[in-house]
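The chain contents come next:
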Amino acid sequence: GEDVEQSLFLSVREGDSSVINCTYTDSSSTYLYWYKQEPGAGLQLLTYIFSNMDMKQDQRLTVLLNKKDKHLSLRIADTQTGDSAIYFCALENSGNTPLVFGKGTRLSVIA
Amino acid sequence: GAVVSQHPSRVICKSGTSVKIECRSLDFQATTMFWYRQFPKKSLMLMATSNEGSKATYEQGVEKDKFLINHASLTLSTLTVTSAHPEDSSFYICSARRGATGDQPQHFGDGTRLSIL
């Protein structure tokens, strides 16, 4: 089955850019998502990208997809203390199937 | 945008109690919803796929008689943890997608934190 890997921790200074990385094994992954989870809360969809795209930008968020290397990244520009949370990358092979999640990256923003 | 509502947000109850968690799609119909479980500081594990009008599909290792899923309408799926025990304490999250194809992302409820004493 699909294996999704993320680094567990990332610490950045307020105002810097954060880059959260995700690697996966199943090249048939069609839909790739980034979710944010704050303490005690559910998952908030941040952004998503289809496998026929290489890059997607939405305000401070930039998603890059390298299908050859099976690598997905999320860049947060001008990181703020409110961005401190756990970020999950999740992949899906086809429509209406369950997502396969990475273990999550805990982002800590230092003021 | 699409919104998924999950209730209750937190439950604390005694061992042996049955607990029902509701997952509603507020502004769209969802033929399929998913139930996940999250242990502390861990990722989400899929428990089951809830299908409107038919039986749920459970993942390996998930007891279907323990975790009863009912998807009675296109906007509501329920998860009932029967005769809950302390080891059932966890964070339960549901998700749903508008439509059957993947051009819409899955949206998650805010989760239910279940604590069994």
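Per-chain numbering applies: the sequence of each chain, read as written, is numbered from 1 onward. Labels are handed out in written order, letters beginning with A for the chains and numbers beginning with 1 for the ligands. Given that this is a predicted model, residues contribute local features only at a pLDDT of at least 70 and side-chain atom pairs are listed and counted only at 80 or more, while totals for whole chains, interfaces and linings are drawn from all residues. For the side-chain quantities, the full set of heavy atoms in the structure was used; hydrogens and water were omitted.

(A) Focus on the state of the cysteines. Residues and elements named next belong to chain A. Cysteine sulfur atoms are paired as a disulfide whenever they come within 2.5 Å of each other. Taken as a whole and judged by the stated rule, the model has two disulfides over all chains. In this model Cys22 forms its disulfide with Cys89; the gap between the sulfur atoms is 1.9 Å. With Cys22 in strand S3 (residues 18–24) and Cys89 in strand S9 (residues 85–92), this residue pair connects regions lying 67 residues apart in the sequence. Of the residues examined, Cys22 reaches a relative accessible area of 0% and is grouped as buried. A run of DSSP states H or I qualifies as a helix once it reaches four residues; a run of E qualifies as a strand once it reaches two. Both are numbered from the N-terminal end. Each residue's exposure class comes from its accessible area (1.4 Å probe, protein chains only) as a fraction of the maximum for that residue type: buried when under 20%, exposed when over 50%, partly exposed otherwise.

(B) A look at the environment of Leu43 of chain A. Residues and elements named next belong to chain A. You can see Leu43 is positioned in strand S5 (residues 43–50). A relative accessible area of 5% means that Leu43 is categorised as buried. When the C-alpha positions of Leu43 and Phe88 are compared, they lie 8.7 Å apart, and in sequence the two are 45 residues distant.

(C) The arrangement of the pattern of salt bridges in detail. Residue and element names in this part refer to chain A. One speaks of a salt bridge when a side-chain nitrogen belonging to Lys or Arg is within 4 Å of a carboxyl oxygen belonging to Asp or Glu. Here the structure, examined in full by the defined rule, presents six salt bridges over all chains. Across the salt bridge formed by Glu38 and Lys36, the nearest N and O atoms sit 3.5 Å from each other. Residue classification places Glu38 among the partly exposed residues on the basis of a relative accessible area of 35%. One salt bridge connects Lys67 with Asp54, and the closest N-O pair in it is separated by 3.2 Å.

(D) Geometry of the sheet that holds strand S1 (residues 4–6) of chain A. Residue and element names in this part refer to chain A. Paired strands are those between which DSSP finds at least two bridges. Sheet architecture is open: five strands sit in the order S1-S3-S8-S7-S6, paired in antiparallel fashion. Each edge of the sheet is formed by a strand with only one pairing partner; in this case those strands are S1 and strand S6 (55–58). On average, each strand axis in the sheet is tilted by 15° relative to the strand beside it, whichever way the strands run. Pairing between S6 and strand S7 (residues 61–66): four bridges, direction antiparallel. Bridging across to S7, Gln57 finds its partner in Thr62. In this description, a line fitted to the C-alpha atoms serves as the axis of each element, helices being fitted only across the stretch in contact, and the angle between N-to-C directions of two axes falls anywhere from 0 to 180 degrees.

(E) Layout of the pairing of strand S7 (residues 67–73) of chain B. All names here are of chain B. Of the pairings in the sheet, the one linking S7 to strand S8 (residues 76–81) comprises five bridges and is antiparallel in character. Looking at S8, one finds that Ile69 is bridged to Leu79. If you look at the hairpin formed by S7 and S8, you'll find two residues sitting between the two strands.

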